[in-house]
Amino acid sequence: MRVDHVGVAVRSIEEALGFYRDRLGLAVTHREEVAGQGVRVAFLARPGAGEGEAEVELLEPLGGGAVARFLEFRGPGLHHLAFRAVDIAGAMAGLKAAGLPALEDAPRPGARGRRVCFLHPRRAHGVLVELVG
Ligand code: CO
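Within each chain, residues carry numbers counting from 1 in the order of the written sequence. Where totals are concerned, whole chains, interfaces and linings use all residues; where local detail is concerned, this predicted model gives features only for residues with pLDDT of at least 70, and gives and counts side-chain atom pairs only at 80 or more. Heavy atoms throughout the structure, all of them, feed into the side-chain values; hydrogens and water do not.

**Q** Could you give an account of the overall build of the chain, with specific residues and numbers?
**A** The helix and strand inventory of the chain stands at three helices and eight strands. Our radius of gyration is a C-alpha quantity, and the globule rule it is checked against amounts to 2.2 Å times the number of residues to the power 0.38. Computed over the C-alpha atoms, the radius of gyration of the chain is 15 Å, within 12% of the 14 Å expected from 2.2 N^0.38 for a compact globule of 133 residues. A principal-axis box enclosing the C-alpha atoms of the chain has dimensions of 45 × 35 × 25 Å. Burial classes: relative accessible area under 20% of the type maximum marks a residue as buried, over 50% as exposed, and values in between as partly exposed (1.4 Å probe, protein chains only). The buried share among the 133 residues of the chain stands at 41%. Contacts: residue pairs with any heavy atoms within 4.5 Å of one another. Contacts in the chain between residues at least 24 apart in sequence constitute 54% of all its contacts with a sequence separation of at least 6. Runs of H or I in DSSP of at least four residues are treated as helices and runs of E of at least two as strands, each being numbered from the N terminus.

Laid out in structure tokens, this is it:
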């Protein structure tokens, strides 16, 4: 699996773009509200980046939810590390068989119409891991 993106929890995407886009020179590749996860997201990549290049995902809470709680308790910062799985259901099954079940029983809708699941940090050396199908 390759790294798909790194998720960063922020209080305001617009404010965060002042750094990631305007200072680092990354380009916004996608914006979306993912209602099922209670967040608004913006993806950024190197300008001209091709398919398969790792991105940064800024996550801003819409209201309550896991990202809102993360910000409340820990403040803005690194939130998750996402890997691209060619076969997400197969990857989930393999991890479950190894005693590493995902938080979900089945992949759920994520940004860009992709299917995603998450592994709790206690099962992944302190990092919330997202698999992206
Ligand atoms: Co993500």
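Here the narrative resumes.
**Q** Can you break down the sheet that holds strand 3 (residues 39-45) residue by residue, with the values?
**A** On the basis of which strands lie adjacent, the open sheet formed by eight strands has the order 2-3-4-1-5-8-7-6 and mixed pairing. Whereas interior strands pair on both sides, the edge strands pair on one side only; in this sheet they are strand 2 (27-34) and strand 6 (108-109). Axes here mean lines fitted to C-alpha atoms, for a helix over just the part in contact, with angles spanning 0 to 180 degrees between N-to-C directions. Running at roughly 155° to strand 4 (residues 55-61), helix 1 (residues 13-20) makes contact with strand 1 (2-9), strand 2, strand 3 and strand 4 of the sheet. Two strands are counted as paired when DSSP detects at least two bridges linking them.

**Q** Please set out the side chain of Glu55 residue by residue, giving values where relevant.
**A** Looking at the secondary structure, you find Glu55 in strand 4. On the basis of relative accessibility, which here comes to 12%, the residue Glu55 falls in the buried class. Other than its neighbours up to four places away in sequence, Glu55 contacts Asp4, His5, Val6, Thr29, Phe43, Leu44, Ala45 and Arg112.

**Q** Tell me what's going on with the pattern of salt bridges, and back it up with residues and numbers.
**A** By definition, a salt bridge exists where a carboxyl oxygen of Asp or Glu is found within 4 Å of a side-chain nitrogen of Lys or Arg. Enumeration according to the criterion identifies ten salt bridges in this entry. Close ionic contact of Asp4 with Arg84 constitutes a salt bridge, the shortest N to O distance being 3.8 Å. Of this pair, Asp4 sits in strand 1 while Arg84 sits in strand 5 (residues 77-84), and the two are 80 residues apart along the sequence. Taking the relative accessible area as the measure of exposure, Asp4 reaches 5% and is therefore buried. Judged by relative accessible area, which is 22%, Arg84 ranks as partly exposed. One salt bridge connects Arg40 with Glu60, and the closest N-O pair in it is separated by 2.7 Å. Taken together, the residues Arg40 in strand 3 and Glu60 in strand 4 connect sequence positions 20 residues apart. In this structure Arg40 comes out as partly exposed when scored by relative accessible area, which is 30%.

**Q** I'd love a proper account of unusual backbone geometry, names of residues and values included.
**A** Even without being glycine, Arg112 reaches a positive phi, approximately 60°. Along the chain, the position of Arg112 falls in the loop between strand 6 and strand 7 (115-119). A relative accessible area of 27% means that Arg112 is categorised as partly exposed. A positive phi angle, close to 55°, is found at His125, a residue other than glycine.

Structural measurements only, silent on function.
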